[in-house]
Amino acid sequence: MAITEAIYQDEREIFKHFSIFCANKVKIILRERNTEFEATCKECKNGEVYFSSVTNPHGQSLENYKMRPLEAEVSFGSDTFLFTAYPTSANSISLPDVLRSHPKRRYPRIMVQGNPYISKMYTIVSVRVVDPSIEDNELSQKIHLIISTIESNLVRSENYSMAKVTLYDGTEKNVIVQILKEYKKPFVVFNTSNLALKDENYLTYDNYVKFMMEKGATREAIMAHLDKIKDFYVKNGIKSEIIVPLIFEEETIGQIRVVTQRDYINKSHVVRLNSLAVNAIDNLFTKCSFEVVAKEPQPVIDLGVMGIKIQVTDPDLYKYIRLGRRVYIQLYFPDDTVIKTMATIVNVYDDTPEGHKPIGVKLSSNLDWKDKRKLEEFIQSVIRLQKTQPS
């Protein structure tokens, strides 16, 4: 699963985007609860964005919202841009500090938090994890025993020179780990003396180079880093390397890494190690997993057919919040009915002043059609109410 949100925090980048919006006379939607303004971009200068027109269905002026935070949305090209807008006059806002973008939504979203037409709507969030750092000696020992047994068997029975099992904790910055998380395929170096080898079935340093270039690294910087990797292989006498992702419920939660110093590996080694990875996951989650459940209802910030923005207020869940994490969501409606589904965390937003952690989750594509229909009808009913009722 690719995370498609882009975040712009550099002032020059943000100014450049708004200059393009103004050149194309793009419309911006500004919202606070059930109040909505539609503004047309005119020009961007001196840290402010000026509008040629600002309309509100109830005749309100943007001047009344001076320096109050409004949620803002711009639809341009194939993307939707989101930011917090602070009006500076009846026809201007200050240039935002942060601009987020993602592909356009196919379905409308509605504000839930603070919406006068919605009451008692919340979620119960839970996550199933294997956590070797948990303060439970018996459970921690079980996890470490399984991991050390896998590592020992790989060295003794499979004849690898080194084997290491790692469970991710969300702090990993390594590029190969990022690639494993995104593509969920083994990373293989059949021959460390030739990092340019490609393979359609596996990730290689060819994917590494492409990934780094997409992230903005220069070819010179990438080649210099590859030279260091080659030196590491030579210094340690490593001939081949395999890194296989440990995947549970579509999330890469860790890896098995092996290296050889005597012989070169072939594809049969990768197939065998992949099979062992599947068994390892089954073993870990059968014997060592536990469920972390929110102790209280978690507020819904906004809602769409495909996803929900949730404010996670339960500290027990904080350490398990990260992009790509699979969570179990129970969404409760005002009439006390509930939809239960798996979801994936696709956005992690800045903490609130209270220290709570807003997240955006994408609902499972296997969501029951009746539940999806219920969501669609509920959203449309709220939209109709908001359009017909005065603010």
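The rules we used
- Residues numbered from 1 in each chain as written.
- Predicted model: local features only at pLDDT ≥ 70, side-chain atom pairs only at ≥ 80, totals over all residues.
- Heavy atoms only, no water.
- Helix = DSSP H or I, 4+ residues; strand = E, 2+ residues; numbered from the N terminus.
- Buried < 20%, exposed > 50% of the residue type's maximum accessible area, 1.4 Å probe, protein only.
- Contact = heavy atoms within 4.5 Å.
- Lys, Arg positive; Asp, Glu negative; His and termini not counted.
- Charge placed at Lys NZ, Arg CZ, Asp CG, Glu CD.
- Pairing = 2+ DSSP bridges.
- Axes fitted to C-alpha atoms, helices over the stretch in contact; angles between N-to-C directions.
- Core = buried A, V, L, I, M, F, W, Y, C linked by side-chain atoms within 4.5 Å.
- Salt bridge = Lys/Arg side-chain N within 4 Å of Asp/Glu carboxyl O.
- Left-handed = near helix turned anticlockwise from the far one by under 90°.
- Nonpolar A, V, L, I, M, F, W, Y, C, P; charged D, E, K, R; others polar.
- Phe/Tyr/Trp six-rings, centres within 6.5 Å; stacked < 30°, edge-to-face > 60°.

(A) Fine view of the overall build of the protein. When its secondary structure is counted, the protein shows eight helices and 21 strands. Considering only C-alpha atoms, the protein reaches an extent of 80 × 50 × 35 Å along its principal axes. By the burial criterion, 45% of the 391 residues in the protein qualify as buried. For the protein, restricting intrachain contacts to residue pairs at least 6 apart in sequence, the fraction spanning at least 24 positions comes to 62%. For the protein, the centre of its 52 positive side-chain charges and the centre of its 50 negative side-chain charges are spaced 3 Å apart.

(B) Structural context of the sheet that holds strand E13 (residues 187-189). Spatially, E12-E15-E14-E13 is the arrangement adopted by the four strands of the open sheet, whose pairing is antiparallel. One side of each edge strand has no neighbouring strand; the edge strands of this open sheet are strand E12 (162-167) and E13. Here the average twist between neighbouring strands, direction ignored, is 15°. Of the pairings in the sheet, the one linking strand E14 (residues 240-248) to strand E15 (residues 251-260) comprises nine bridges and is antiparallel in character. Residue pairing for E15: Ile243 is matched across the bridge by Arg257. Seen against the sheet, helix H3 (residues 175-183) touches E13, E14 and E15 and runs at an angle of roughly 125° to E15. Docked against the sheet, helix H6 (residues 267-287) engages E12, E13, E14 and E15, running at close to 35° with respect to E14.

(C) Just the nonpolar core, in detail. Ile110, Ile242, Leu246, Ile256, Leu303, Ile308 and Val361 are the most contacted members of the largest nonpolar core, which totals 66 residues. A per-element tally of this core places H6 first, with seven residues. Once you skip the residues sitting within four places of it in the chain, Ile110 turns out to touch Ile118, Asp302, Leu303, Phe378, Ile379, Val382 and Ile383. Membership of the second largest hydrophobic core comes to 24 residues, among which are Ile14, Phe18, Cys44 and Leu95.

(D) Summary view of the environment of Gln9. The residue Gln9 is located in the loop between strand E1 (6-8) and helix H1 (11-23) in this model. Taking the C-alpha atoms as reference points, Gln9 and Leu99, separated by 90 residues in sequence, lie 6.6 Å from one another. Those residues within four positions of Gln9 in sequence are excluded, and the remaining contacts are Ile14, Asp97 and Val98.

(E) Here's a closer look at the pattern of salt bridges. For the structure on display, the rule yields 20 salt bridges. Of the charged contacts in the structure, one is a salt bridge between Asp206 and Lys210, with a shortest N-O distance of 3.4 Å. A residue pair is termed a helical-turn pair when its members lie 3 or 4 positions apart in one helix, as Asp206 and Lys210 do in helix H4 (residues 205-214) at four residues. Judged by relative accessible area, which is 47%, Lys210 ranks as partly exposed.

(F) Representation of the packing of H4 against helix H5 (residues 219-235) within the structure. Where H4 meets H5, the closest approach of the two axes is 10 Å, and the angle between their N-to-C directions is 145°. Crossing of H4 over H5 shows right-handed handedness. From H4, Tyr205, Tyr208, Val209, Met212 and Met213 reach across to H5, where they touch Arg219, Ile222, Met223, His225, Leu226, Ile229 and Tyr233. Partitioned by chemical class, the residues of the contact of H4 with H5 number ten nonpolar, one polar and one charged.

(G) Structural context of the packing of aromatic side chains. Inspection of the entire model under this criterion finds twelve aromatic pairs. Seen from their ring centres, Phe18 and Phe21 are 5.2 Å apart, and the 75° between their planes marks the pair as edge-to-face. Here Phe18 pairs with Phe21, and both are found in helix H1, just three residues apart, close to one helical turn. This pair shows no difference in class: Phe18 is buried, exactly as Phe21 is. Summarising the aromatic geometry, the rings of Tyr122 and Tyr332 are spaced 4.8 Å apart at their centres and angled 15° between planes, so their arrangement reads as stacked. Linking Tyr122 in strand E11 (residues 122-129) with Tyr332 in strand E19 (residues 326-332), this pair joins segments that are 210 residues apart in sequence. With relative accessibility at 19%, the residue Tyr332 sits in the buried group.

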